[in-house]
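A structural walkthrough
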Amino acid sequence: MPHPLFTPELRIMLEEQNAAGMREFCESLHPATVAEALADELTPEQVWEVISHASIRTQASIFEYLPPDRQVEMIERARPQVGQLLGKMSHDDRVDLIKRLPGPVAETLMRLVDEADRKDIATLFQYEENTVGAMMTTDYAWLPGTLTAAEAIDQLRQQAPDRETIYYIYILDEAARRPDGSLSPRRLLGVVSLRDLILAPRHALIRDLMESEIVALRFYEDREAVERVFTRYDFIAVPVVDDRFGLLGIITHDDVLDVVQQEATEDLQRQAAVGPIEGDYLQASFVKVWWSRAFWLSLLFVAELATFTVMSFFEDAIAAVVVLALFVPLCISTGGNSGSQAATLVTRALALEYVRPRDWKRVLRRELLMGLALGATLGVIAFARGALTPADTRGGPEKKKSPFTVSAPPGTELTPVPVPKGWWDRVLDRAERWDVPVEAGAEQTVVVEKDSKVRLPEGVRHLDPPEKRADGWVYHFPAECEIRTEPVSPWALAKVISLSVLCICLWGTLIGCMLPLFFRQVGIDPALASSAFVATFVDVTGIAIFFSIAKFYLL
């Protein structure tokens, strides 16, 4: 998004070739503000023209704040100073940039960089993605422990212009040679803060001022370890070492903010059953976004197909008590919602190290009680709703689109009787309806297993005279009639619904709290135990719980 104030000013400066104005613009404002004004509406050539009037160090600072795509575009239209600019960039940022470049462009760019920077880039390139080594910078301040405080400040003054941070100064041992003759990384002896160094007596030795109990990260650790260390200790920077405690580089607090943002984004996307999408949502490839979403949706869809198998197993129960089908979404969503809550809480607790897989018994005990409490709360609401279900709905109406017949014993008259209006019928001002009682076992073109009532269509109050046969009287019913069985007891229905809600809520809660712990134990990202995954699993199993309870109490 272009800056509303500075971008128009820059356009005017470019048109007027105002070199002094462009230099003042780049040098006086914060590099992030300059990058914002340059980011969108100006071409790469125009951006180069603007920043070329500033010092090379300022150019590098502004360049680091440009969006990654714009950085790549500018490198592909490189200017002569691009090699110097790369040399002034933060060491970790320039490696990230080169990784994003096409191969031929990266090779051309590397030829423009001096030998020392090429070696540094090659060193950082060897570390695997998403590890501590891939995040670190080799741009740190260090001193030998034999210096006095006054000598250390003099040397630090010379190092400071080329270092990313000087708030922590690392005290290193002499470099040792490996068997092959190469120098191994200097061993980290301690660290001293700039504050302690300034406040120390001039002749105090650095080795007496340094802190030797050091918190450090290994280069092969996962980048999530960085977030944990910075959160716990509130450091500005943390050293990265090898197994011999040789200093390889440092990670600064600004890099941690990037990690926190990226990890939070990935976790949220995984919890929504979306594969991680890097960068800007609007700039991401349509095919890539489609695949990351379609892959998980397809897996969940295939898993949901199991609901057909489960429901077909209880087909007789659904046919006998049709009203049960109306409560399926209510009961099933309860399990998905409670499971998603538990999964989210436990996943976040794992990320913050509040719980570990070995704490599964404590988590299970806590969520068992929580599931019972939540299930009882929702069960009371479900009981009230089940008890208030109208008799017409509990009777399981089955509408017949075509005419049908009912055969009754000779001399049996099927007389329509008016249906009392309920409160909802009066609210909607519905027309009066008429029912025709039919005993179970009557021969019909439509067979019912229970005593039933046939509700006539609106406006129909009488049946045509029966067709009298020797074996019985045959009544002809018009199309659009409804066959209603004897209503289920409201209290029995309420008991089934409330008990089902309690059991499914408890089941969803237990599944939601245990899955993230199981995934962490087997080395899978707990975020995959997402709302969608838990909801799908509980949907399938919840249907079995619901209809098993209904079959036990109602059939």
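Counting restarts for each chain, with residues numbered from 1 along the sequence as it is written. With pLDDT at 70 or above as the cut-off, local features in this predicted model cover only qualifying residues; side-chain atom pairs require 80 or more to be listed or tallied, and sums for whole chains, interfaces and linings still use all residues. Calculation of side-chain values draws on the structure's entire complement of heavy atoms; hydrogens and water are dropped beforehand.

Observations concerning the sheet that holds strand 5 (residues 237-241)
Between any two strands, pairing holds if DSSP finds at least two bridges. In DSSP terms, a helix is any run of H or I states spanning at least four residues, a strand is any run of E spanning at least two, and both are numbered starting from the N terminus. Pairing is mixed in the open sheet, where three strands are placed in the order 4-5-6. Every other strand in the sheet has two partners, leaving strand 4 (217-218) and strand 6 (247-252) as the edge strands with one partner each.

Notes on the sheet that holds strand 2 (residues 165-172)
Within a sheet, neighbouring strands are paired by backbone hydrogen bonds and run either parallel or antiparallel to one another. Taken in spatial order, the three strands of this open sheet run 1-2-3, and their pairing is mixed. The open sheet is flanked by strand 1 (140-144) and strand 3 (188-193), the only strands paired with a single partner. Averaged over all neighbouring strand pairs, the angle between strand axes comes to 35 degrees, with direction disregarded. Where strand 1 and strand 2 come together, four bridges link them in parallel fashion. For leucine 143, the partnering residue across the bridge sits in strand 2 and is isoleucine 171. Under this scheme, a helix contributes an axis fitted over its contacting stretch, all axes are lines through C-alpha atoms, and angles between N-to-C directions fall in the 0 to 180 degree range.

A look at the side chain of arginine 94
Mapped onto the secondary structure, arginine 94 falls in helix 8 (residues 91-100). Relative accessible area decides the class of each residue, using a 1.4 Å probe on protein chains only: under 20% of the type maximum gives buried, over 50% gives exposed, and in between gives partly exposed. Arginine 94 sits in the buried class, given a relative accessible area of 0%. Residues contacting arginine 94, with those up to four places away along its chain left out, are Leu86, Gly87, Met89, Asp117, Asp120 and Ile121. The contact rule is simple, with two residues in contact once any of their heavy atoms fall within 4.5 Å.

A word on the side chain of glutamine 71
With respect to the helices and strands, glutamine 71 occurs in helix 6 (residues 68-76). We call two N or O atoms a polar contact when they sit within 3.5 Å, provided that within protein one can donate a hydrogen and the other can accept it, with sequence-adjacent residues counted only if both atoms are side-chain atoms. Only 2.7 Å separates the side chain of glutamine 71 from the backbone oxygen of phenylalanine 63, close enough to count as a polar contact. Residues within four places of glutamine 71 in sequence aside, it is in contact with Phe63, Glu64, Leu66, Leu97 and Arg100.

Some words on the packing of helix 20 (residues 328-351) against helix 24 (residues 490-521)
For the pair helix 20 and helix 24, the least separation of the axes is 7 Å and the interaxial angle reads 30 degrees. Here helix 20 lies roughly parallel to helix 24, going by the angle between them. For the pair helix 20 and helix 24, the crossing hand works out as right-handed. The residues of helix 24 that touch helix 20, namely those facing Leu330, Cys331, Ile332, Thr334, Gly335, Ser338, Gly339, Ala342, Ala343, Val346, Thr347 and Leu350, are Ile497, Ser500, Val501, Ile504, Cys505, Gly508, Thr509, Gly512, Cys513, Pro516, Leu517 and Arg520. In terms of residue class, the contact of helix 20 with helix 24 is built from 14 nonpolar, nine polar and one charged. Angular relationships are summarised with four words: roughly parallel below 35 degrees, roughly antiparallel beyond 145, roughly perpendicular across 65 to 115, and oblique for the angles in between. Each crossing gets its hand from how the near helix is turned against the far one by less than a right angle, where anticlockwise is left-handed and clockwise is right-handed. Only Asp, Glu, Lys and Arg are considered charged in this grouping, and only Ala, Val, Leu, Ile, Met, Phe, Trp, Tyr, Cys and Pro are considered nonpolar; every other residue, Gly among them, is considered polar.

Focus on the nonpolar core
By nonpolar core is meant a set of buried Ala, Val, Leu, Ile, Met, Phe, Trp, Tyr and Cys residues that side-chain atoms within 4.5 Å join together. In this structure, Leu38 and Ile251 are the most contacted members of the largest nonpolar core, which totals 52 residues. Filtering out sequence-adjacent residues up to four positions away, isoleucine 251 remains in contact with Val132, Met135, Met136, Leu217, Val226, Phe230, Ile236, Ala237, Val238, Val240 and Val256. Judged by nonpolar contacts, the second largest core, of 29 residues, contains Val328, Cys331, Val488 and Phe546.

A few points about the pairing of strand 6
A regular strand carries its side chains on alternate faces of the sheet. Counting buried positions over the six residues of strand 6 gives six, a clear majority of the element. Pairing of strand 5 with strand 6, which is carried by five bridges, proceeds in the antiparallel orientation. Pairing of proline 239 across the sheet is with isoleucine 250, part of strand 6.

A short note on helix 20
The end-to-end C-alpha distance of helix 20, which contains 24 residues, comes to 35 Å, matching closely the 34 Å that a straight helix rising 1.5 Å per residue would cover. Phi for glutamate 353, located one or two positions after helix 20, is positive at around 60 degrees. To estimate the expected span of a helix, subtract one from its residue number and multiply by 1.5 Å.

Looking at the packing of helix 4 (residues 44-51) against helix 6
One can describe the packing of helix 4 onto helix 6 by two numbers: an axis separation of 9 Å at closest approach and a directional angle of 85 degrees. The angle between the axes of helix 4 and helix 6 places the two elements in the roughly perpendicular class. On helix 6, the residues touching Pro44, Val47, Trp48 and Ile51 of helix 4 are Arg70, Glu73 and Met74. Considering only residue class, the contact of helix 4 with helix 6 consists of five nonpolar, no polar and two charged.

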